[in-house]
Amino acid sequence: MLDKRRTGRHQWFNTSGILLTIVLTALGLYFTRQTLVSSQQVQITDRYTKAVEQLGSPQQEVRLGAIYALDRLAADSGRDHNTIMDVLAAYVRVHAPAPNAQTPNARTPREPAADVQAALTVLVGNDRARQPRPLDLHGVRIPGADLASSASNSARRDTYFHGPFLTVTQLRRAGWYVADLRGAILEGADLSGAALGAADLGSSDLRRAVLRDAHLHGARLHGADLTGAQLMGADLRGADLTHVLGMTPDRIRKSALTDPTTRF
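All residue numbers here refer to positions counted from 1 along the written sequence of the relevant chain. Local features in this predicted model are restricted to residues whose pLDDT is 70 or higher, and side-chain atom pairs enter the listing and the counts only when it is 80 or higher, whereas totals over whole chains, interfaces and linings include all residues. Note that water and hydrogens are dropped before the side-chain values are worked out from all heavy atoms of the structure.

Chemist: When you look at the nonpolar core in this model, what are you seeing that I'm missing?
Modeler: Within soluble globular proteins, side chains that are nonpolar generally end up buried alongside one another. Residues Leu 206, Leu 216, Leu 226, Leu 236 and Ile 252 are the most contacted members of the largest nonpolar core, which totals 28 residues. The contact partners of Ile 252, leaving out residues within four places of it in the chain, are Leu 226, Leu 231, Leu 236, Leu 241, Val 244, Met 247, Thr 258 and Phe 264. Only buried residues count toward a nonpolar core. Its members are Ala, Val, Leu, Ile, Met, Phe, Trp, Tyr and Cys residues joined through side-chain atoms within 4.5 Å. Working definition: with a 1.4 Å probe on protein chains only, accessible area under 20% of the residue-type maximum means buried, over 50% means exposed, and in between means partly exposed. Counting 25 residues, the second largest nonpolar core, distinct from the first, contains Met 85, Ala 89, Leu 120 and Val 122. In this description, contact between two residues means that some pair of their heavy atoms is separated by no more than 4.5 Å.

This is how it looks when you write it as structure tokens:
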């Protein structure tokens, strides 16, 4: 009987010891994970702070490095993605402003500076699943900007832009479904084959724009200026062409693909 009691005590102590070891191990893993997460957040904050500071550098190569560092950080930290996109959009607004009342005669370069182009490339390629709202590029003028390279990636088709002075010329084969381009200045832009289905191009300046074979099914072109635009083969089925300027409905029908759902 005494041996059985001793055996029972040993088993109880052994079981208790095992359970205690498991609990202590679990607690250790938990605190280790918390420490690791905190360390990662500190590193992310340090990387973000350093990159933002470098955006103000007088040296273009330093600013370029900062832009690409922010791009990598946006991919690594979903929590900071939207903030980083807003910072880069603000960077473009500051470094590529359209002439205003204070600078009416300011000369616009033929193409954006390398750092502005880099920021635009990052913005075009941003993850729409993380960026539900339009990017704010109001008041910018960026003739010659190349926004097609990243936008053509099928995984990144839902890029949102909004800006009454947005000016671009190289958008061939771009894939901007549901793009917000209201009031965009796209005069002379090459939009051949661009996928802009359901895009909002209301009141945009499309004078002399090349829209050959562009996919504009369901696009909103209300009040857009189509003076001199090339629409051969453009798909305008279901598009809203009410109050467009510079082109009659008959002329549009002769050049582009329309159907009974196309509104004039």
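Chemist: What should I look at first to understand helix α2 (residues 60-76) in this one?
Modeler: Residues separated by three or four positions in an α-helix point in the same direction, a consequence of the helix having 3.6 residues per turn. Taking 1.5 Å as the rise per residue, α2 with 17 residues should run 24 Å; its terminal C-alpha atoms sit 24 Å apart, in good agreement. Of all the positions in α2, only Arg 63, Leu 64, Ala 66, Ile 67, Leu 70, Leu 73 and Ala 74 are classed as buried. In this description a helix means any DSSP run of H or I spanning at least four residues, a strand means any run of E spanning at least two, and both kinds are numbered starting from the N terminus. Here, expected helix span is obtained from the residue count minus one, scaled by 1.5 Å.

Chemist: Can you walk me through the packing of aromatic side chains in this structure?
Modeler: Ring pairs (aromatic) are described by centroid distance and by the angle formed between their planes. A pair of aromatic rings is counted whenever rings of Phe, Tyr or Trp (Trp by its six-membered ring) have centres within 6.5 Å, and the orientation is called stacked for planes under 30 degrees apart, edge-to-face for over 60 and tilted otherwise. All chains considered together, the criterion is met by zero aromatic pairs. Charge-over-ring placement is defined geometrically: NZ (Lys) or CZ (Arg) within 6 Å of the ring centre, and within 35 degrees of the ring normal. The lysine or arginine in question, Arg 253, covers the ring of Phe 264, its NZ or CZ lying 4.4 Å from the ring centre.

Chemist: What is the right way to look at the packing of α2 against helix α3 (residues 81-95) in this model?
Modeler: For any two helices packed against each other, one specifies the inter-axial angle together with the distance between the axes. Two elements in contact, α2 and α3, have axes separated by 9 Å at closest approach and are oriented at 155°. Relative to α3, the element α2 lies roughly antiparallel. At the point where α2 passes α3, the crossing takes the left-handed sense. Side by side, α2 and α3 meet where Arg 63, Ile 67, Leu 70, Leu 73 and Ala 74 of the first sit next to His 81, Ile 84, Met 85, Val 87, Leu 88 and Tyr 91 of the second. Basically, the charged four are Asp, Glu, Lys and Arg, the nonpolar ten are Ala, Val, Leu, Ile, Met, Phe, Trp, Tyr, Cys and Pro, and anything else, Gly included, counts as polar. Here the contact of α2 with α3 is composed, by residue class, of nine nonpolar, one polar and one charged. Think of each axis as a best-fit line through the C-alpha atoms, taken over the contacting stretch in the case of a helix, with angles from 0 to 180 degrees between the N-to-C directions. The cut-offs work like this: below 35 degrees is roughly parallel, past 145 is roughly antiparallel, 65 to 115 is roughly perpendicular, and the gaps in between are oblique. Crossings are classed by handedness, with left-handed meaning an anticlockwise turn of the near helix from the far one by less than a right angle and right-handed meaning a clockwise turn.

Chemist: Would you mind showing me how to read unusual backbone geometry here?
Modeler: A negative phi angle characterises most non-glycine residues, just as the trans form characterises most peptide bonds. Even without a glycine there, the phi angle at Ser 203 is positive, about 60°. One can find Ser 203 in the loop between β2 (161-162) and α6 (249-255). The backbone phi angle of Arg 208 is positive, close to 60°, even though this residue is not glycine. Take Arg 208: it is sitting in the loop between β2 and α6.

Chemist: Just checking my understanding: could you explain a nonpolar patch on the surface for this structure?
Modeler: Each patch groups residues whose relative accessible area exceeds 30% and which form no salt bridge, using 9 Å between like charges and 5 Å between nonpolar side chains of Val, Leu, Ile, Met, Phe, Trp and Tyr. Where accessible areas are quoted, they stem from the Shrake-Rupley method and a 1.4 Å probe; at the residue level, only the protein chains shown are allowed to cover. Here, a salt bridge means any Lys or Arg side-chain nitrogen found within 4 Å of an Asp or Glu carboxyl oxygen. Where nonpolar side chains cluster on the molecular surface, the patch consists of Ile 18, Leu 19 and Ile 22 and spans about 310 Å² of accessible area. Within the secondary structure, Leu 19 is located in helix α1 (residues 2-54).

Chemist: So what exactly am I meant to see when it comes to the confidence of the model for the protein here?
Modeler: In low-pLDDT segments, the atomic positions of the prediction should not be examined closely. When pLDDT is averaged along the protein, the result is 77, and 65% of the positions lie at 70 or above. Each residue carries a pLDDT score, the predictor's own confidence in it, on a scale running from 0 to 100. Helix α5 (residues 148-151) is the least confidently modelled element of the protein, averaging 46 in pLDDT, while α6 averages 94, the highest of any element. For residues 149-159, every residue scores under 50 in pLDDT, and the model assigns this stretch 26 contacts once sequence neighbours within four places are set aside.

Chemist: Please clarify how the environment of Leu 231 should be interpreted in this entry.
Modeler: Residue position: Leu 231 is located in the loop between β2 and α6. Exposure remark for Leu 231: the relative accessible area of 3% places this residue in the buried category. On a C-alpha basis, the gap between Leu 231 and Ala 256 in space is 5.5 Å, while along the polypeptide they are 25 residues apart. Setting aside residues up to four positions removed in sequence, Leu 231 forms contacts with Leu 211, Met 247, Ile 252, Ser 255 and Ala 256.

Chemist: How should the side chain of Ser 57 be read in this particular structure?
Modeler: Note that Ser 57 resides in the loop between α1 and α2. Take Ser 57: its relative accessible area is 14%, and that puts it in the buried class. Apart from residues lying up to four places away in sequence, Ser 57 is in contact with Val 62 and Arg 63.

Chemist: Can you help me understand the packing of α2 against helix α4 (residues 114-124) in this one?
Modeler: The interhelical angle for the contact between α2 and α4, taken along N-to-C directions, is 5°, at an axis separation of 9 Å. Considering the angle they form, α2 stands roughly parallel to α4. Along the contact surface, α2 presents Gln 60, Arg 63, Leu 64, Ile 67, Tyr 68 and Asp 71, while α4 presents Ala 114, Asp 115, Ala 118, Ala 119 and Val 122. Tallied by class, residues from the contact of α2 with α4 come to seven nonpolar, one polar and three charged.

Chemist: What should I look at first to understand the environment of Lys 50 in this one?
Modeler: Its location among the elements puts Lys 50 in helix α1. Along the sequence, Lys 50 and Ala 69 sit 19 residues apart, while their C-alpha atoms lie 9.4 Å from each other.

Chemist: Can you help me understand α3 in this one?
Modeler: The terminal C-alpha atoms of α3 lie 21 Å apart, and with 15 residues this matches the ideal 21 Å at 1.5 Å per residue to within 8%. Listed in full, the buried residues belonging to α3 are His 81, Ile 84, Met 85, Leu 88, Ala 89, Tyr 91 and Val 92. Down the axis of α3, the buried set is contained in an arc of 150°. They therefore lie on one face. Of all possible arcs, the one meant is that of the directions from the helix axis to the C-beta atoms.

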